[in-house]
Amino acid sequence: MSWLTVGAVAAVCFALRVTAPIALRERGLPSGLERRLDAAVPPLLAALVAVQLFTDRGRAAVDSRAAGVAAAAVVYLARRSLVLALTTAALVTALVRLL
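Residues numbered from 1 in each chain as written. Predicted model: local features only at pLDDT ≥ 70, side-chain atom pairs only at ≥ 80, totals over all residues. Heavy atoms only, no water.

Chemist: Now, about the overall build of the protein chain: what can you tell me, with residues and values included?
Modeler: In terms of regular secondary structure, the protein chain is built from four helices and two strands. Of the regular secondary structure in the protein chain, the N- to C-terminal order runs α-α-β-β-α-α. Taken over the C-alpha trace, the protein chain has a radius of gyration of 19 Å; the compact-globule value for 99 residues is 13 Å, which it surpasses by more than 25%. Counting only C-alpha atoms and orienting by the principal axes, one finds that the protein chain spans roughly 55 × 35 × 20 Å. Looking at the 99 residues of the protein chain, the share that counts as buried comes to 12%. Long-range contacts, defined here as pairs at least 24 residues apart, represent 27% of the contacts in the protein chain between residues at least 6 apart. If you sum the accessible surface of the protein chain, you get close to 8,400 Å²; carbon and sulfur atoms cover 70% of it. (Helix = DSSP H or I, 4+ residues; strand = E, 2+ residues; numbered from the N terminus. Rg over C-alpha atoms; globule rule 2.2 N^0.38 Å. Buried < 20%, exposed > 50% of the residue type's maximum accessible area, 1.4 Å probe, protein only. Contact = heavy atoms within 4.5 Å. Areas by Shrake-Rupley, 256 points an atom, 1.4 Å probe, with all protein chains shown as cover.)

Chemist: How would you summarise the packing of helix H3 (residues 64–79) against helix H4 (residues 82–98) if you had to cite specific residues and measurements?
Modeler: Across the interface, H3 lies against H4 with an axial gap of 7 Å and an inter-helix angle of 150°. The angle between H3 and H4 falls in the class roughly antiparallel. Relative to H4, H3 is oriented so that their crossing is right-handed. Residues Ser64, Arg65, Ala67, Gly68, Ala71, Ala72, Val75, Tyr76 and Arg79 of H3 lie in contact with H4, whose contacting residues are Leu82, Leu84, Ala85, Thr88, Ala89, Val92, Thr93, Val96 and Arg97. Of the residues belonging to the contact of H3 with H4, the class tally is 11 nonpolar, four polar and three charged. (Axes fitted to C-alpha atoms, helices over the stretch in contact; angles between N-to-C directions. Parallel < 35°, antiparallel > 145°, perpendicular 65-115°, else oblique. Left-handed = near helix turned anticlockwise from the far one by under 90°. Nonpolar A, V, L, I, M, F, W, Y, C, P; charged D, E, K, R; others polar.)

Chemist: Requested: an account of a nonpolar patch on the surface, with residues and values cited.
Modeler: Residues Tyr76, Leu77, Leu82 and Leu86 make up a contiguous nonpolar surface patch of roughly 430 Å² in combined accessible area. Mapped onto the nonpolar patch, the elements with two or more residues apiece are H3 and H4. Here Leu86 shows up in helix H4. (Patch = residues over 30% accessible without salt bridge, like charges linked within 9 Å, V, L, I, M, F, W, Y side chains within 5 Å. Salt bridge = Lys/Arg side-chain N within 4 Å of Asp/Glu carboxyl O.)

Here is the structure:
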């Protein structure tokens, strides 16, 4: 992905974030649409993470990143500490890369 693409996506996201409240003014989103949008966020985020985690240059791959994410998930579920989970992910990923 090029920096031009990243910049364009960021600009579109910023424009939507700024123009949506202006366009809606004091009205809110319909409750049905708001519920659907709220329900769509976790699967979308999971799909984005999975694509980044299990692909390398357009091909399926399982490497040190998967080990780091698995270790972070275990630590987070056991301790509920995001900082500790991120630190564990970084350490495990680095150790697996060394091996």
